[in-house]
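Fold and contact review
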Amino acid sequence: MLNDKNIYKPIRAKLTDVIDESQLIKTFVLVPEDKFSFKTGQFIELSVDGIGEAPFTPSSSPLVTEKLEITVMKTGYVTEYMHMLKPGVYMGIRGPYGRGYPIESFFGKEVLILGGGCGLAPIRSLLYALEGIKDKLVKVILCYGSKTPADCIYKPLFDRLNSTEKFEAYRTVDKADENWNGSVGVATTLLNKIKINIENSVAVVCGPPIMMKFGTIRLLELGYKDDQIYLSMEKNMSCGLGKCGHCMMGEFFVCKDGPVFTYDEIKHNPEIWK
Amino acid sequence: MKLTIDELKNIRFFDNYNDEQLKIFIGISSIKEFRVKDILFEQYDELSDVYILLVGCLSLGISLAKEKRIRLGTLEEGQLFSWSAVFSPHISTAWVMATCPTKVLAIDAKKLNLEFEKDCEFGFKTMSKIAQTISHRLSDTRFQLMNQLTL
């Protein structure tokens, strides 16, 4: 829902809650002054007055238009400032931008989602969307890896998904502590656990570039075809409109042509895993 | 205690074997059980069996010193491990410990190698599966290393 008067002017949104997800990650609950809708996988530009603007993919349900949740990892100037914000302040939202997940093309299929780190934020939005169309899906499997148990965000999500018909969720950590009884190893090790009919499935990969690379390679080894794998690319999206060129990846503007691509579309690009 | 052909067919590792080939595995394997904290083998142990995890939970890791174990990963049901038993010098590259009551299929590696010589097609198929296991373990370890390097 772009502001039709000035495409660069943000919509005001009130910060109503801040949820601590991990030491470095918080979820910001925003109530936009106008109803705000997006398709899962699309991103927004979120701004803090006088500080700056940064791109984020909402982590909330695309079916909810009254509020928006954005999960933010503290990584730089804008996000560090955001982590200091308290409920009650106003922020700016521009967007939504880009091409999200084509979930209608998932109908009748098994959906495998491979995620890592902060990539679970956009995946959560996708999971909400898939829950809304679960009658049209065969099953949904989430395999998620975090560095440590403390880095795993949305912990209740896993129990909820595992008690939801047609959904299975698994998680692993690179480095366990003494209280961790679950799987240890990178996210791809969870692929040894699952049963999936690859011919009738699609795979979604979302996470840090290293994880996206190793994850995609393993999916190809398992027999997935290039056009069955969807990648959510995180590049330096700035204007969101395909004008500034900051997010260019070969022939594509990630902000406009993506951020969701099939591996088939971008596999020849040398910057794919950067 | 032995598994049946139908039971083997439910284990991912045995996909694409015919009944005759599954009978070979049954003839040279046995089921072993382990309790919590049992060490199946230590790093640098000489190995005689290649294992497939049937039920339970196993951790795999390396040791820096006798008392200092580093857990690198867990194994999933149906996964093959202890592959060093098949190759000379048959020395394990990691330790494996049960973290809950566990059952494994232990395949006699010497007998398995003899079967490879009798039936090259069986040998090639099995070695390909073992190589794939090692390749995945290597790839996962590189991924894990990259994660640590970029912390």
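Definitions and limits used
Residues numbered from 1 in each chain as written. Chains lettered and ligands numbered in written order. Predicted model: local features only at pLDDT ≥ 70, side-chain atom pairs only at ≥ 80, totals over all residues. Heavy atoms only, no water. Helix = DSSP H or I, 4+ residues; strand = E, 2+ residues; numbered from the N terminus. Expected span 1.5 Å × (residues − 1). Buried < 20%, exposed > 50% of the residue type's maximum accessible area, 1.4 Å probe, protein only. Contact = heavy atoms within 4.5 Å. Buried area = accessible area lost by both parts, 1.4 Å probe. Salt bridge = Lys/Arg side-chain N within 4 Å of Asp/Glu carboxyl O. Polar contact = N/O pair within 3.5 Å; in protein donor to acceptor, adjacent residues only side chain to side chain. Nonpolar A, V, L, I, M, F, W, Y, C, P; charged D, E, K, R; others polar. Core = buried A, V, L, I, M, F, W, Y, C linked by side-chain atoms within 4.5 Å. Axes fitted to C-alpha atoms, helices over the stretch in contact; angles between N-to-C directions. Parallel < 35°, antiparallel > 145°, perpendicular 65-115°, else oblique. Pairing = 2+ DSSP bridges. pLDDT = per-residue confidence, 0-100. Right-handed = clockwise from strand over helix to strand, strands pointing away. Disulfide = S-S within 2.5 Å. Domains from an automatic or database assignment.

1. Describing helix H2 (residues 120-132) of chain A
Residue and element names in this part refer to chain A.
- A rise of 1.5 Å per residue sets the reference length of H2, with its 13 residues, at 18 Å; its end C-alpha atoms lie 18 Å apart and thus fit the reference within 8%.
- Counting buried positions along H2 yields eleven of 13 residues, so the element is predominantly enclosed.
- Here H2 has its buried residues at Leu120, Ala121, Pro122, Ile123, Arg124, Ser125, Leu126, Leu127, Ala129, Leu130 and Glu131.

2. Examining the interface of chain B and chain A
- Counting from both sides, the interface comprises 19 residues of chain B and, opposite them, 24 residues of chain A.
- Both faces combined, the contact of chain B with chain A buries some 2,000 Å², and carbon together with sulfur accounts for 50% of it.
- Ranking the residues of chain B by area buried against chain A places Arg12, Glu76 and Phe143 of chain B at the top, with a combined share of 32%.
- Put simply, chain B and chain A have two salt bridges between them.
- The salt bridge involving Asp140 of chain B is made with Arg218 of chain A; its shortest N-O contact spans 2.8 Å.
- In this assembly, chain B and chain A are joined by 13 residue pairs in polar contact (both at pLDDT 80 or more).
- Residue assignment for the side of chain B that touches chain A shows that the elements contributing at least two residues are strand S5 (68-75) and helix H4 (120-149) of chain B.
- With nine residues, the top contributor of residues to the side of chain B that touches chain A is H4 of chain B.
- Among the residues making up the side of chain B that touches chain A, the classes are represented as four nonpolar, nine polar and six charged.

3. A few points about the nonpolar core
Residues and elements named next belong to chain A.
- The biggest cluster of nonpolar side chains holds 37 residues, and the ones touching the most others in it are Leu112, Cys143, Leu219, Leu231, Met233 and Ile266.
- Where this core is concerned, the elements lending two or more residues are strand S7 (110-116), strand S8 (139-146), strand S11 (201-206), helix H4 (209-222), strand S12 (229-232), strand S14 (252-253), helix H5 (254-257) and helix H6 (263-266).
- Take this core: its biggest share by element is five residues, from H4.
- Residues contacting Leu231, with those up to four places away along its chain left out, are Val205, Met212, Thr216, Pro259, Val260, Phe261, Tyr263, Ile266, Ile272 and Trp273.
- The next biggest cluster of nonpolar side chains, apart from the first, holds 31 residues, and it includes Leu120, Ala121, Leu142 and Ala169.

4. Focus: the packing of H4 of chain A against H4 of chain B
- Interhelical geometry of H4 of chain A versus H4 of chain B gives an angle of 170° and a closest axis separation of 10 Å. Judged by the angle between their axes, H4 of chain A and H4 of chain B are roughly antiparallel. The segment H4 of chain A lies against H4 of chain B, with Ile210, Met211, Phe214, Arg218 and Glu221 of chain A engaging His136, Ser139, Asp140, Arg142, Phe143, Met146 and Asn147 of chain B.
- Considered class by class, the residues forming the contact of H4 of chain A with H4 of chain B number five nonpolar, three polar and four charged.

5. What about the side chain of His136 of chain B?
- In this structure, His136 of chain B sits in helix H4.
- Among the polar contacts listed, one links the side chain of His136 of chain B to the side chain of Glu221 of chain A, at a separation of 2.8 Å.
- Non-local contacts of His136 of chain B, meaning those with residues more than four positions away in its chain, are made with Arg218 and Glu221 of chain A.

6. A word on the sheet that holds strand S1 (residues 29-34) of chain B
All names here are of chain B.
- Pairing is antiparallel in the open sheet, where four strands are placed in the order S1-S8-S3-S6. The open sheet terminates on both sides in strands that have one partner only, identified here as S1 and strand S6 (80-81).
- Pairing between strand S3 (residues 49-55) and S6: two bridges, direction antiparallel. The residue of S6 that forms the bridge with Ile52 is Leu80.

7. Remarks on the confidence of the model for chain B
- Summarising the model, chain B shows a mean pLDDT of 92, and 99% of its residues fall at 70 or more.
- Highest mean pLDDT in chain B belongs to strand S8 (residues 102-108) of chain B (97); lowest belongs to S5 of chain B (88).

8. Focus on the pairing of strand S9 (residues 167-173) of chain A
Residue and element names in this part refer to chain A.
- One ladder, built from seven bridges, connects S8 with S9; its direction is parallel. Residue pairing in the sheet places Val140 in a bridge with Phe167 of S9.
- In this region the chain leaves S8, passes through helix H3 (residues 155-162) and returns to the parallel neighbour S9; the handedness of that crossover is right-handed.
- One ladder, built from two bridges, connects S9 with strand S10 (residues 183-184); its direction is parallel. In the sheet register, Val173 faces S10, and the bridge partner there is Val184.

9. Comments concerning the state of the cysteines
Residues and elements named next belong to chain B.
- Using the criterion set out here, one finds one disulfide over all chains in the structure.
- The disulfide partner of Cys57 is Cys100, and the gap between their sulfur atoms is 1.9 Å. Linking Cys57 in the loop between S3 and strand S4 (58-65) with Cys100 in the loop between strand S7 (95-98) and S8, this pair joins segments that are 43 residues apart in sequence.

10. Notes on the domain arrangement of chain A
All names here are of chain A.
- In terms of domain boundaries, chain A breaks down into domain 1 (11-97) and domain 2 (103-266).
- Relative placement of domain 1 and domain 2: their C-alpha centres are 21 Å apart.
- Taken together, the 23 residues of domain 1 in the interface contact 24 residues of domain 2.
- Taking both sides of the interface into account, the surface hidden between domain 1 and domain 2 amounts to around 1,700 Å²; carbon and sulfur atoms contribute 58%.

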